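Chain by chain, the residues:
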Amino acid sequence: MRWACILLPRLALDGALRRCADPQAPLALVSGGRQRRMLHAVNPPARALGLRRGMALTAAQALVHGLATLDHDPAEEARWHRFLAAWAYRFSSQVNTRWPHALLVEIRGSLGLFGPWPRFEAQLREELRQLGFAHRIVAAPNPVAARALANVHDGLAVEAEAPLRRVLGQLPVERAGFAPEAAAAFNRMGVRQLRQVMALPRDGIARRFPAAVLRHLDELTGAREVALDWYRPPDRFDMRIELGHETGSSQALLFPLRRLVSDLAAYLAGRDGGVQRFTLMLEHEGRTDTRVPVGLLAPEREAALLFELAQGRLEQATVPAPVRAIALVAEELPAFVPAHRELFDERPQQAVAWEQLRERLRARLGEAAVHGLRVQADHRPEKAWSAEGGEGDAPGAMSHRPGWLLPRPIPLRGPPPVELGGCERIETGWWDGGDVRRDYRVARLATGQQAWVYQPVRGGDWWLHGWFA
């Protein structure tokens, strides 16, 4: 057992249902020309009302009043196929999208990381269920056999060649992956199962059928290797959801926004990366799109945090017109390094990690309201620190200085302070007009507070410049 095939029988429909706030409402995908519109796919509630694939749209609307319909877009279906390939890339570096509605994943190299196949398969199914895609999963020794067996099986896992030939032999010829013309010719010969095809003389098959038939038969049994191209995730995430109606309420955009952010988080997990900046594009009818930028101080990929930040930015944005579609575009996808955590975390259960608190404050108060501090090469206290958008740093050499520095020194009134530490003399700044000559000390004031005070080098009054916690 080396390959898993994930078959997605309702890929286009499931992709459309992810846009719907109520997936239990009857829905049909429609295709065909303007004069003859047909049902391309229907969801289970619509099927329970008697609707079927291939039914005329007029007949379906007569049968189900108020039926919701969406146009089937093959390009949109292909985008969902690529999205799920990016998701599967998280589990294996060898992912193939050769067959429509299916993903082939090499699993032998991943079993050591994700556990034995039953546990690995359960994780795949759970994540696909959360993403909202119906599926069938089969594991087999070669990729072509896994793809064919997925046509009729779900949950089957074949590990050896002998059981594989036995299971393949039970496949109906029309479900074994042959071209429709070849499958129809076998049926006319009375050959109904693949084991009967295997029993036919090879020279007879070669005379009566194209070379592709024997080639496919050898690929099914593993006698012939098949060359596969491997999927590589792009360095850009771009997903869009059309609302189906115009809305001017930011609350109405939260459902599609949550979907987009969840897809972004799944994509980032697949490529083991993070996102530091992304943009929400709000599309309007006849107007320029509204851009809502979302920036973070460090790469993140947790869906809940990304959604909370995007929601905060969206609620603060000025939207000039009703919105008919929303898109999420992320072009900066740096490497993601998980935050360091102790094995036994002593934080209270309800406490918020500093990284999350920092991003929440920036989302609520604005990007300029929260910033880091960085040490500069200047001994003057008022010039030794600078604000910046990143984390900043604080070398230990500056630890004897207070964390609370006053905007400017003020005269110290009252009794002289009690000195608690050594003197730090600062004589600098003569070259830029900011000349200072001071002797700083840590001292306790008459009020009991611990302060940072100084005197001019040649003596004089005390000045207060900062407080210690």
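The following refers to the structure shown.

### Points about the overall build of the chain
Working step 1: When its secondary structure is counted, the chain shows 15 helices and 20 strands.
Working step 2: At 33 Å, the chain has a C-alpha radius of gyration far larger than the 23 Å of a compact globule built from 469 residues.
Working step 3: For the chain, the C-alpha atoms occupy an extent of roughly 115 × 55 × 45 Å along the three principal directions.
Working step 4: When contacts within the chain are restricted to residue pairs at least 6 apart in sequence, those whose partners lie at least 24 apart make up 57%.
Working step 5: For the chain, the exposed area adds up to about 25,200 Å²; of that, 51% sits on carbon and sulfur atoms.
Working step 6: Mean positive and mean negative side-chain charge positions of the chain (61 and 53 charges, respectively) differ by 6 Å.

### Comments concerning the sheet that holds strand E10 (residues 290-300)
Working step 1: Here we have 4 strands laid out as an open sheet, ordered E8-E11-E9-E10, and antiparallel in their pairing. Looking at the sheet topology across the chains shown, the edges are occupied by strand E8 (237-247) and E10. This sheet shows a mean twist of 15° between the axes of neighbouring strands, independent of strand direction.
Working step 2: Looking at chain direction, strand E9 (residues 275-283) and strand E11 (residues 323-332) are connected through 6 bridges and run antiparallel. Paired with Thr279 across the two strands is Val329, which belongs to E11.

### Things to note about helix H12 (residues 211-221)
Working step 1: Most of H12 sits out of view: 8 of its 11 residues are buried.
Working step 2: Along H12, the residues that are buried comprise Val213, Leu214, His216, Leu217, Asp218, Glu219, Leu220 and Thr221.
Working step 3: Among the structural elements, helix H7 (143-149), helix H8 (161-169), helix H9 (180-188), helix H10 (194-199) and helix H11 (202-208) are those in contact with the buried residues of H12.
Working step 4: Trailing H12 by a residue or two, Gly222 shows a phi angle of about 85°, which is positive.

### A short note on the pattern of salt bridges
Working step 1: Enumeration according to the criterion identifies 26 salt bridges in this entry.
Working step 2: The salt bridge partner of Arg129 is Glu126, with a shortest N-O separation of 2.6 Å. Taken together, the residues Arg129 and Glu126, both in helix H6 (residues 117-131) and 3 residues apart, mark about one turn of the helix.
Working step 3: In this structure Arg129 comes out as exposed when scored by relative accessible area, which is 54%.

### What about the nonpolar core?
Working step 1: One finds Leu84, Leu257, Leu264, Phe278 and Leu328 to be the most contacted residues of the largest nonpolar core, which totals 57 residues.
Working step 2: Element by element, the count of residues in this core is highest for helix H13 (residues 254-270), at 8 residues.
Working step 3: If we skip the residues at most four places from it in the chain, Phe278 touches Leu264, Val292, Pro293, Val294, Leu296, Leu306, Ala310, Leu328, Val329 and Ala330.
Working step 4: Listed in part, the 37 residues of the second largest apolar core include Val138, Leu194, Val226 and Leu228.

Conventions used here
- Each chain has its residues counted from 1, running along the sequence as written.
- Selection of residues for local features in this predicted model requires a pLDDT of at least 70, selection of side-chain atom pairs for listing and counting requires 80 or more, and totals for whole chains, interfaces and linings are taken over all residues.
- Side-chain calculation: all heavy atoms of the structure are included, whereas hydrogens and water are not.
- Here a strand is any run of E in DSSP of at least two residues, a helix any run of H or I of at least four, and the numbering for each starts at the N terminus.
- The globule rule is 2.2 Å times the number of residues to the power 0.38, and the radius of gyration it is compared with is taken over C-alpha atoms.
- Only heavy atoms enter the contact rule, under which two residues are in contact if any of them lie within 4.5 Å.
- Computed with a 1.4 Å probe, the accessible areas rest on the Shrake-Rupley method; for each residue, only the protein chains presented here act as cover.
- Under the counting rule used here, the positive set is Lys and Arg, the negative set is Asp and Glu, and His together with the chain ends is not counted.
- Taken as the charge centre is NZ of Lys, CZ of Arg, CG of Asp or CD of Glu, depending on the residue.
- Between any two strands, pairing holds if DSSP finds at least two bridges.
- Fitting a line to C-alpha atoms yields each axis, with helices limited to the stretch in contact; the angle taken between N-to-C directions then spans 0 to 180 degrees.
- Burial classification: accessible surface area is computed with a 1.4 Å probe over protein chains only, and a residue below 20% of its type maximum counts as buried, one above 50% as exposed, and the rest as partly exposed.
- Basic side-chain nitrogens of Lys or Arg form a salt bridge, by our definition, when they fall within 4 Å of a carboxyl oxygen of Asp or Glu.
- Working definition of a nonpolar core: buried Ala, Val, Leu, Ile, Met, Phe, Trp, Tyr and Cys residues. They are joined through side-chain atoms within 4.5 Å.

Note that all results are geometric; they support no functional claim without further evidence.
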